[in-house]
Amino acid sequence: MPLMIAPSILSADFSNLKADIDMINKSEADWFHVDVMDGTFVPNISFGFPVMKALKEHAKKLLDVHLMIVNPDHYIEEFKKAGAGVLTVHYEACTHLHRTVHAIKHHGMKAGVAINPHTPVHLLSDIIRDIDVVLVMSVNPGFGGQKFIQHTFDKVLKLKQLIIENSAKTKIEVDGGADLDNALPLMRAGADILVAGNTIFSSPNRLECIKFLKDPL
Ligand code: DX5
Ligand code: ZN
């Protein structure tokens, strides 16, 4: 099975966002990855609802929204209205993760849970069957263009094992520092979805880059 590719809008040209949205629309990419940062959970602020409104208007693929914010529960309904198809919250930001995951599903979205590089996979064992997507952070969240953390391979292997042991249908998404070299080993380790920002947007041929990442064999 080829990887699903979710280009990260964080690396797009915000002075001409429509052109980058159109590029993703006509590419072989599967989702739009939308990084929302609040300056508290992570040391950076990205964008919020006005940008999502523009995305919703023009994007022809599912919006995969990655919330790097504290108190994500306060905004679940608003993100649904803003067009989110997958809503991912951080394990580290949710005291009552079970409640949050079910609130996301109740609003008709797929529920994602992101884990930071220091958070072990086994902490998800009692909730894995409730989660649609686990987003494994392969950099510390907050910025695009960072170096891939090699230990991610072990985490993806362990997560795949956990999913199989629990007969869960959860998909594995990897986010941060994905490139033309690590796409294939990540796919072999068990990744289903790859987020890529810098690699796609700095490529001289973005459509070809997406095509390669999707089927790196
Ligand atoms: C980092 C974000 C990532 C980022 C990925 O906090 O969650 O989605 O945009 O960008 P690259 O692929 O450039 O590391
Ligand atoms: Zn992200």
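Remember, it's a predicted structure, so these values are computed and weren't measured experimentally.

S.K.: Go over the sheet that holds strand β5 (residues 110-115) with me, naming the residues and quoting the values.
M.R.: Hydrogen bonds between backbone groups are what pair the strands of a sheet, and the pairing can be parallel or antiparallel. Read from one edge to the other, the open sheet built from eight strands follows the order β1-β8-β7-β6-β5-β4-β3-β2, with strand pairing classed as parallel. Each edge of the open sheet carries a strand with a single partner, namely β1 (4-7) and β2 (31-37). When strand polarity is set aside, the average angle formed by the axes of neighbouring strands in this sheet is 25°. Strand direction decides the pairing type here: strand β3 (residues 62-68) and strand β4 (residues 84-90), joined by four bridges, are parallel. If you follow Val 65 over to β4, its bridge partner there is Leu 87. Helix α8 (residues 206-214) rests against β1 and β8 (193-196) of the sheet, and its axis sits at about 140° to β1.

S.K.: Before we move on, can you summarise the site of ligand 1 with the specific residues and values?
M.R.: Surrounding ligand 1, one finds 20 residues, the nearest of these being Asp 35, Gly 142, Gly 145, Asp 175 and Gly 197. Gly 142 is positioned with one of its backbone polar atoms (N or O) 2.7 Å from an oxygen atom of ligand 1. Within the backbone of Gly 197, a nitrogen or oxygen atom sits 2.8 Å from an oxygen atom of ligand 1. Within the complex, the protein chains bury 99% of what would otherwise be the 390 Å² of accessible surface of ligand 1. Because more than half of its atoms lie within 2 Å of the grid, ligand 1 is assigned to the largest pocket. Where the shell around ligand 1 is concerned, the elements lending two or more residues are β2, β3 and β8. Top element by residues in the shell around ligand 1 is β2. It accounts for three residues.

Parameters at a glance
- Residues numbered from 1 in each chain as written.
- Chains lettered and ligands numbered in written order.
- Predicted model: local features only at pLDDT ≥ 70, side-chain atom pairs only at ≥ 80, totals over all residues.
- Heavy atoms only, no water.
- Pairing = 2+ DSSP bridges.
- Helix = DSSP H or I, 4+ residues; strand = E, 2+ residues; numbered from the N terminus.
- Axes fitted to C-alpha atoms, helices over the stretch in contact; angles between N-to-C directions.
- Contact = heavy atoms within 4.5 Å.
- Near = heavy atom within 4 Å.
- Polar contact = N/O pair within 3.5 Å; in protein donor to acceptor, adjacent residues only side chain to side chain.
- Areas by Shrake-Rupley, 256 points an atom, 1.4 Å probe, with all protein chains shown as cover.
- 1 Å grid on protein atoms, 1.4 Å probe; cavity = no way out; pocket = protein on both sides within 12 Å on 5 of 7 lines; lining within 4 Å.
- Sits in = over half its atoms within 2 Å of the grid points.

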